[in-house]
Amino acid sequence: MIAAPAADNAAMDLAAFVSLAAARGASDLHLQAGQAPQLRVLGQLERLSDEPLAAAEVAGLLDGLLSATDRTRLTQQRSLDFARDLAGVRCRINVLMSHGSAGFAVRLLSQEPPTLASLNLHPDFARLLDARHGLLLVSGATGSGKSSTLAAFVDELNRTRPCHIITIEQPVEFDHRPQRALIRQREVGRDTPSVEQALRDALREDIDVLMVGEMREPETMRLTLAACETGHLVLATLHSSTAAEALQRLVSAFPAEEQPSVCSQLADCLQAVICQRLPWREAAGMRVPECEVLVGNTAVRANIRQGQFFKLGSLLETNARAGMWTYERYRGWLDARTAFEGSRHAR
């Protein structure tokens, strides 16, 4: 067990925690007043030390990290999301209040955006980006690597297509340096007041591709579908355990009287749904995504239009030639691989 650093200087102290987490190969760092600091390594929580952190120590970690505006938002919202480079590591940081004291949930990222190859995703996934309009949805549970996959899609477009990409993120996790594409990364709270406002703005900004970090609210979903209908390729994420569940969850977020029209919208614009898990793979010595892929072909669109999401599972089973994958088939492809990229991105 590694001793945690003492709290002397806020930014340096948090950087010291991050440095220790990176050295242990952790994906996440958790700091909470009254509890020992903990890391998530290979999907499991481990204590950094047995000593609980004092409330004053954790509060001190905020010094130098937050602007006056950030502190006001934290006071009002009782939570705050932002990204920082600490100890040479890009970090997504969530500050939260628990039992009246501050705490941190820190996700360790990479300085460089991931690629489809570095995430060990199937090379055919790049073909999903051939579409010039419609919805490409990436779903999965928290921590399944959705954001990394989305970033890899943006990277692929950036390297291969002269297009205008706008991302709407909370916060910006990966810094995409323009290659063939013009890229604008808008962070909620810094560059735009809300996801909804950024979506409305995007439709007036001559975009080709729009990336929405996460669809949480019905209005976000409504505006995202509208962007798909107006001739843009939209990449977005949603929490779910299967592709069919992702689509059903999107539709059920709307009032019952609106759901038939939402089903029609979704049927018209859906390109594909990738649902992924991130289990430990012994042969690779790391966590590797396992995916289910539902492609929006004629049969899939017909069932979505009728709201018959329960039939999508059987279409996944019988449409392998159309580029669809069940988890079982995808595991078979992974089992046949003899080499894996040593990526830190897929957390």
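Residues numbered from 1 in each chain as written. Predicted model: local features only at pLDDT ≥ 70, side-chain atom pairs only at ≥ 80, totals over all residues. Heavy atoms only, no water.

1. Topic: the sheet that holds strand β1 (residues 28-32)
Selection criterion: When DSSP finds two or more bridges between a pair of strands, those strands are recorded as paired. Strands are runs of DSSP state E lasting at least 2 residues, helices are runs of H or I lasting at least 4, and numbering of each runs from the N terminus. Axis lines are fitted through C-alpha atoms, for helices just across the contact stretch, and the angle between N-to-C directions can take any value from 0 to 180 degrees.
The strand order across the open sheet built from six strands is β3-β2-β1-β6-β5-β4, with neighbouring strands paired in antiparallel fashion. Here the strands that pair on one side only, and so sit at the sheet edges, are β3 (44-47) and β4 (79-86). Each neighbouring strand pair of the sheet contributes to a mean axis angle of 25°, computed without reference to strand direction. Bridge count between β4 and strand β5 (residues 89-98): eight bridges; the pairing is antiparallel. For L86, the partnering residue across the bridge sits in β5 and is V89.

2. Some thoughts on the confidence of the model for the chain
So the rule is basically this: What pLDDT conveys is the predictor's confidence in a given residue, as a value from 0 to 100. Between two residues, a contact is recorded if the distance between any of their heavy atoms is within 4.5 Å.
Per-residue confidence for the chain gives a mean pLDDT of 90, with 95% of residues at or over 70. Low confidence marks residues 1-12, where pLDDT is under 50. Its contacts with residues over four positions away, or in another chain, come to 29 contacts. Under a pLDDT of 50 for its full length, residues 343-347 has, in the predicted model, 29 contacts with residues more than four places off or in other chains.

3. What to know about the layout of surface pockets
What counts, and what does not: Grid points spaced at 1 Å over the protein atoms alone were grouped into cavities, where a 1.4 Å probe fits but cannot get out, and pockets, open sets with protein on both sides within 12 Å along at least five of seven lines, with lining residues defined by an atom within 4 Å of a point. Grid points are joined across faces, edges and corners, and a volume is the space filled by probe spheres set on the points. Three classes are used: nonpolar for Ala, Val, Leu, Ile, Met, Phe, Trp, Tyr, Cys and Pro, charged for Asp, Glu, Lys and Arg, and polar for all others, with Gly counted as polar.
What the largest pocket holds in volume is close to 1,100 Å³. Taken together, 48 residues form the lining of the largest pocket, with R92, S147, E173, E214 and R216 sitting closest to its centre. Elements with a minimum of two residues in the lining of the largest pocket: β1, β5, β6 (101-108), α4 (146-160), β8 (164-169), α5 (195-202), β10 (209-212) and β11 (233-239). With five residues, α4 is the single largest residue contributor to the lining of the largest pocket. Of the residues contributing to the lining of the largest pocket, the split by class is 16 nonpolar, 18 polar and 14 charged.

4. Overview of the packing of helix α6 (residues 218-229) against helix α8 (residues 259-269)
For clarity, the cut-off: In what follows, roughly perpendicular refers to angles from 65 to 115 degrees, roughly parallel to angles under 35, roughly antiparallel to angles over 145, and oblique to any angle outside these ranges. Should the near helix be turned counterclockwise from the far one by less than a right angle, the crossing is left-handed, whereas a clockwise turn marks it as right-handed.
Packing of α6 against α8 leaves a shortest axis separation of 10 Å and a crossing angle of 45°. Taken together, the axes of α6 and α8 lie oblique to each other. Here the hand of the crossing between α6 and α8 comes out left-handed. Contacts between α6 and α8 involve L225, C228 and E229 on the former and, on the latter, V262, Q265, L266 and C269.

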